[in-house]
Amino acid sequence: MRVFLSLTIPLFLVAVALIAPADAAQAVRLQYRTSAPGATTAQAEPWFRLHNDGTTSIALNQVKIRYYITGSETYRFACSWAVVSCSTVTGQFVAQAGGAQFLEVGFTSGTLAPGTNTGDLQLRFYRADWQNFTQSDDYSYGAQTSYGNWDKVTVYVNGQLAWGTPTGSTPTDPPPTDPPPGNSQGVLFDDFSYTNSADPRLSQRGWTVRSSSGGPGVPGATWSPSAVTFPGGLLTLDSSTNGTGSGTVQTELSTSARKFREGTYGARVRFSDAPTSGPDGEHIVQTFFTITPLNFNMDPNYGELDFEYLPNGGWGEPGNILYTTSWETYQAEPWQAVNTHTEERTSFSGWHDLVIQVSGGRMKYYVDGRLFADHGDIYYPETPMWIMFNQWFIDLQGGSTPRTYRQQVDWVYHSKGEVVPPATVVSRVNAFRTAGTAFQDTVPAS
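Keep in mind it's a predicted model, so treat the numbers as computed, not measured. Residue numbers here run from 1 along each chain, matching the order of that chain's written sequence. Where local features are concerned, this predicted model is filtered to residues with pLDDT of at least 70; where side-chain atom pairs are given and counted, the filter is 80 or more; whole-chain, interface and lining totals use all residues. Working from all heavy atoms in the structure, the side-chain values ignore hydrogens and water.

A few points about the overall build of the protein chain
Let me state the cut-off plainly: Put simply, DSSP H or I for four residues or longer makes a helix, DSSP E for two residues or longer makes a strand, and each gets a number counted from the N terminus. Taken over C-alpha atoms, the radius of gyration is set against a globule rule of 2.2 Å times the number of residues to the power 0.38. Residue burial considers only the protein chains on display, and all accessible areas are found by Shrake-Rupley using a 1.4 Å probe. Neither His nor the chain termini are counted; the positive set is Lys and Arg, and the negative set is Asp and Glu. A single reference atom marks each charge: NZ on Lys, CZ on Arg, CG on Asp, CD on Glu.
Along its length, the protein chain carries 2 helices and 31 strands. Taking 2.2 N^0.38 as the reference for a compact globule, 446 residues should give roughly 22 Å; the C-alpha atoms of the protein chain span a radius of gyration of 23 Å, in line with that estimate. In terms of overall dimensions, the protein chain has a C-alpha envelope of 70 × 50 × 40 Å along the principal axes. Surface summary for the protein chain: the accessible area is close to 17,000 Å², and the carbon and sulfur share equals 51%. Of the side chains in the protein chain, 27 bear a positive and 39 a negative charge, and the two mean positions are spaced by 2 Å.

In structure tokens form, the structure reads like this:
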């Protein structure tokens, strides 16, 4: 489950021309440069600055930037860095007639005030088959390495052209919309009212407490059922180490059946920044995720949708960070990952309502009702998955004093085939509890 930056986006050059904006008070201007100017490249790297030269603020979630590409090859998109935060930047490739396409870059939140600009949007994209490609014949490409106005990349505000000169066909079909709540094909709910990890109701209700060895985590570590407890109806994962692999205990609870794919997933999870005992500083991963098995390296049927919280950093990060990561596939040796992720570098210690909506080719991740990430494209899961919670160590920081980290889960919810808003997930959970329902599973086997 290691996070590895993947995706990428097409390049946009900056030259000069402004098309009449959708609103006279709203005048947007796009500047472009590239950090990969070669005619042939392994990765296109367009950088943008979006300016508001008008007199009114612009809601960034109403803005779409289009970069036009020759050819119908499959590309992957990524945001390398952005002043507005990559967690707010989205990208998808849209087919046009005649075998062309464009990369459409959007935003999930933010406001662009009059007289300001977004600052750097450092984007990139590359072919899905990892082959070099020619970018010099792309309509929107330019070889300049300094910012300048560029009219071969277009900007739309509220669906109206506000900057640039488009090329090729414009898709007329409306984008897919989420189906309304109420068409569930089955529901899983559990509030974890068990006595201990040996409670027979766990297996009867489709749960497996892990005891088998293997990754992820520290080589030589054990996965201990006895470290999985349920005090006060809370799934509690206590993972510990004494600084050695053999003295490291990791914890995991998983559904036994792989029958979950499209629909809505939710859980109330408590992350913690400090150990319950012993010195702090370990690179621990606290999780809520869905996953399929990797049957072979770069298995195209692999899928994984992750919430991963690292209270002390890890994977090169110096401090606490929350990742949402969507996976197409990977191989372990040598390490190669095909995924996209969104992250926030701040503390998430405490209780949080985590929701993932999987529908219409998109995966939307929410934290406490706030849209945290919007992924899709090749990362959309193709096969049924398990639902899992685990807590494991990336590596060990040394020292022999035992230390224990704790992650807790209050409830888990899934509605098959239905897009459920985060607030509705919480209200449905409350309704189950008001009715005295501790467990329900009507999700059919896949």
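Side note on the environment of glycine 263
Condition: The classification of residues rests on relative accessible area computed with a 1.4 Å probe and restricted to protein chains. Under 20% of the type maximum is buried, over 50% is exposed, and intermediate values are partly exposed. Throughout, a contact is declared for two residues whenever any of their heavy atoms are within 4.5 Å.
Relative to the helices and strands, glycine 263 is located in strand β21 (residues 263-271). Glycine 263 gets classed as buried once you look at its relative accessible area, which sits at 0%. Taking the C-alpha atoms as reference points, glycine 263 and glycine 119, separated by 144 residues in sequence, lie 36 Å from one another. Apart from the residues within four sequence positions on either side, glycine 263 is in contact with Ile356, Gln357, Val358, His414, Ser415, Lys416, Gly417 and Glu418.

Some words on the state of the cysteines
Applied cut-off: Cysteine sulfur atoms are paired as a disulfide whenever they come within 2.5 Å of each other.
Tallied over the full model, the rule gives 1 disulfide. Between the sulfur of cysteine 79 and that of cysteine 86 lies a disulfide, 2.0 Å long from S to S. With the S-S dihedral at roughly -70 degrees, the linkage between cysteine 79 and cysteine 86 falls on the left-handed side. Exposure remark for cysteine 79: the relative accessible area of 12% places this residue in the buried category. For cysteine 86, a relative accessible area of 14% gives the class buried.

Observations concerning the sheet that holds strand β3 (residues 46-52)
To keep it simple, the criterion reads: Between any two strands, pairing holds if DSSP finds at least two bridges.
Spatially, 5 strands are ordered β6-β10-β3-β1-β12 in an open sheet, and the strand pairing comes out antiparallel. Looking at which strands have only one partner, the edges of the open sheet turn out to be β6 (75-82) and β12 (148-149). Where β3 meets strand β10 (residues 121-127), 2 bridges bridge the pair, whose relative direction is antiparallel. What sits directly across from phenylalanine 48, in β10, is leucine 121.

With respect to the packing of aromatic side chains
Rules: Aromatic rings from Phe, Tyr and Trp, with only the six-membered ring used for Trp, were paired whenever their centres fell within 6.5 Å, and each pair was classed as stacked if the ring planes differed by under 30 degrees, edge-to-face if by over 60, and tilted otherwise. Cation placement over rings: the criterion is NZ of Lys or CZ of Arg within 6 Å of the ring centroid and within 35° of the ring normal.
Tallied over the entire structure, the rule returns 28 aromatic pairs. With a centroid separation of 5.3 Å and 75 degrees between ring planes, the pair formed by tyrosine 302 and tyrosine 330 is classed as edge-to-face. Here tyrosine 302 is found in the loop between β22 (284-291) and β23 (304-310), whereas its partner tyrosine 330 is found in strand β24 (residues 321-331), with 28 residues between them in sequence. Look at tyrosine 302 and you get buried, because its relative accessible area is 2%. Members of the aromatic cluster, each reached through a chain of ring pairs, are Phe192, Tyr194, Trp207, Phe230, Phe288, Phe307, Tyr365 and Phe389. Looking at arginine 33, its charged tip hangs above the ring of tryptophan 47, at a distance of 4.2 Å from the centre. The ring of tyrosine 156 is capped by arginine 66, whose NZ or CZ atom sits 4.4 Å from the centre of that ring.

Details of the pattern of salt bridges
Let me state the cut-off plainly: Counted as salt bridges are all cases of a side-chain nitrogen of Lys or Arg within 4 Å of a carboxyl oxygen of Asp or Glu.
Going through the model one piece at a time under the given rule, you end up with 17 salt bridges. Salt bridges linked by common partners bring Glu317, Glu343 and Arg345 together as one network.

Quick word on the pairing of β23
Remark: a regular strand shows side chains that alternate across the two faces of the sheet. In terms of burial, β23 is largely enclosed, as 7 of its 7 residues are buried. The alternating pattern of β23 places Glu304, Asp306, Glu308 and Leu310 on one face and Leu305, Phe307 and Tyr309 on the opposite face, and all of these are buried. Sheet analysis places β23 next to β24, joined by 7 bridges and oriented antiparallel. Counterpart to tyrosine 309 in the pairing with β24 is leucine 322.

Observations regarding the sheet that holds strand β5 (residues 63-69)
Basically, it comes down to this: Helix axes are fitted only over the stretch in contact, all axes being lines through C-alpha atoms; the angle between N-to-C directions runs from 0 to 180 degrees.
Ordered by their spatial adjacency, 5 strands build an open sheet running β7-β8-β5-β13-β14, and the pairing between neighbours is antiparallel. Each edge of the open sheet is held by one strand with a lone partner, namely β7 (89-95) and β14 (160-163). Within the sheet, the average angular offset between the axes of one strand and its neighbour, ignoring direction, is 30 degrees.

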